[in-house]
Amino acid sequence: MNVAKNVIELVGNTPLVYINKVTEGCYGRVIGKLETMQPCSSLKDRIGYSMIEAAEKDGNIFPGKTTLIEPTSGNTGIGLAFIAASRGYKLI
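What counts and what doesn't
- Residues numbered from 1 in each chain as written.
- Predicted model: local features only at pLDDT ≥ 70, side-chain atom pairs only at ≥ 80, totals over all residues.
- Heavy atoms only, no water.
- Helix = DSSP H or I, 4+ residues; strand = E, 2+ residues; numbered from the N terminus.
- Rg over C-alpha atoms; globule rule 2.2 N^0.38 Å.
- Buried < 20%, exposed > 50% of the residue type's maximum accessible area, 1.4 Å probe, protein only.
- Contact = heavy atoms within 4.5 Å.
- Areas by Shrake-Rupley, 256 points an atom, 1.4 Å probe, with all protein chains shown as cover.
- Lys, Arg positive; Asp, Glu negative; His and termini not counted.
- Charge placed at Lys NZ, Arg CZ, Asp CG, Glu CD.
- Polar contact = N/O pair within 3.5 Å; in protein donor to acceptor, adjacent residues only side chain to side chain.
- Core = buried A, V, L, I, M, F, W, Y, C linked by side-chain atoms within 4.5 Å.
- Phe/Tyr/Trp six-rings, centres within 6.5 Å; stacked < 30°, edge-to-face > 60°.
- Lys NZ or Arg CZ within 6 Å of the ring centre and 35° of its normal.
- Expected span 1.5 Å × (residues − 1).
- Arc of directions from axis to C-beta.

For the overall build of the protein chain, give the residues involved together with the corresponding values.
Looking only at helices and strands, the protein chain has two helices and four strands in total. From first element to last, N terminus to C terminus, the protein chain shows the α and β order β-β-α-β-α-β. Over its C-alpha trace the protein chain gives a radius of gyration of 17 Å, far above what one expects of a compact globule, namely 12 Å for 92 residues. Referenced to the eigenvectors of the C-alpha coordinate spread, the extents of the protein chain come out at roughly 55 × 35 × 20 Å. Expressed as a percentage of its 92 residues, the buried residues of the protein chain come to 26%. Nonlocal contacts in the protein chain, meaning residues at least 24 apart in sequence, comprise 51% of its contacts between residues at least 6 apart. Here the protein chain has roughly 6500 Å² of accessible surface; of this, 57% comes from carbon and sulfur atoms. Of the charged side chains in the protein chain, 10 are positive and 8 negative, and the gap between their average positions amounts to 2 Å.

Outline unusual backbone geometry, listing residues and values.
Residues other than glycine seldom take positive phi values, yet serine 41 does so here, at roughly 60 degrees. With respect to the helices and strands, serine 41 occurs in the loop between strand E2 (31-33) and helix H1 (44-57). Given a relative accessible area of 45%, serine 41 falls into the partly exposed group.

Any details on the side chain of threonine 14? Residues and values, ideally.
Examined against the element boundaries, threonine 14 turns out to sit in the segment before strand E1 (16-18). Of the polar contacts made by the side chain of threonine 14, one reaches the side chain of glutamine 38; its length is 2.4 Å. At 2.4 Å, the side chain of threonine 14 forms a polar contact with the side chain of arginine 46. Sequence-distant contacts of threonine 14, defined by excluding residues within four places in its chain, comprise Lys33, Leu34, Glu35, Gln38 and Arg46.

Break down the nonpolar core for me, citing the residues and quoting the values.
Listed in full, the 11 residues of the largest apolar core are Ile8, Val11, Ile52, Ala55, Ile61, Leu68, Leu80, Phe82, Ile83, Ala84 and Tyr89. Elements represented by at least two residues in this core include exactly H1 and helix H2 (75-87).

I'd like a description of the packing of aromatic side chains, backed by residues and values.
Here the structure, examined in full by the defined rule, presents zero aromatic pairs. If you follow arginine 29 out to its NZ or CZ, it ends over the ring of tyrosine 18, 3.7 Å from the centre.

Describe in detail H1, supporting the description with residues and values.
Over its 14 residues, H1 runs 20 Å from end to end, which matches the ideal 20 Å to within 8%, given 1.5 Å per residue. Buried within H1 are the following residues: Asp45, Gly48, Ile52, Glu53 and Ala55. Projected onto a plane normal to the axis of H1, the buried residues spread over an arc of 165 degrees and lie on a single side. The inward-facing, buried residues of H1 abut strand E3 (67-68) and H2. Glycine 59 lies just past H1 and shows a positive phi near 75 degrees.

Take a look at the structure:
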């Protein structure tokens, strides 16, 4: 059994599934990506992860010292809040 060390490890490991019934009789195979299986049920989890990861690598933000500001109430804000909380950032 695969057990993640933390919830951030689950971001981006989206399950794939063959779409069999809809494509029956077609020559090609169609694969669906189950983004609802992301930790916050959105592909925006990846965006939040990428933004925070890049800013950390560039030395622009520091856990416990930096407050992040996000002006949205949509899925991007939810993804950022999720990653920020996991990494020790305050987000407003």
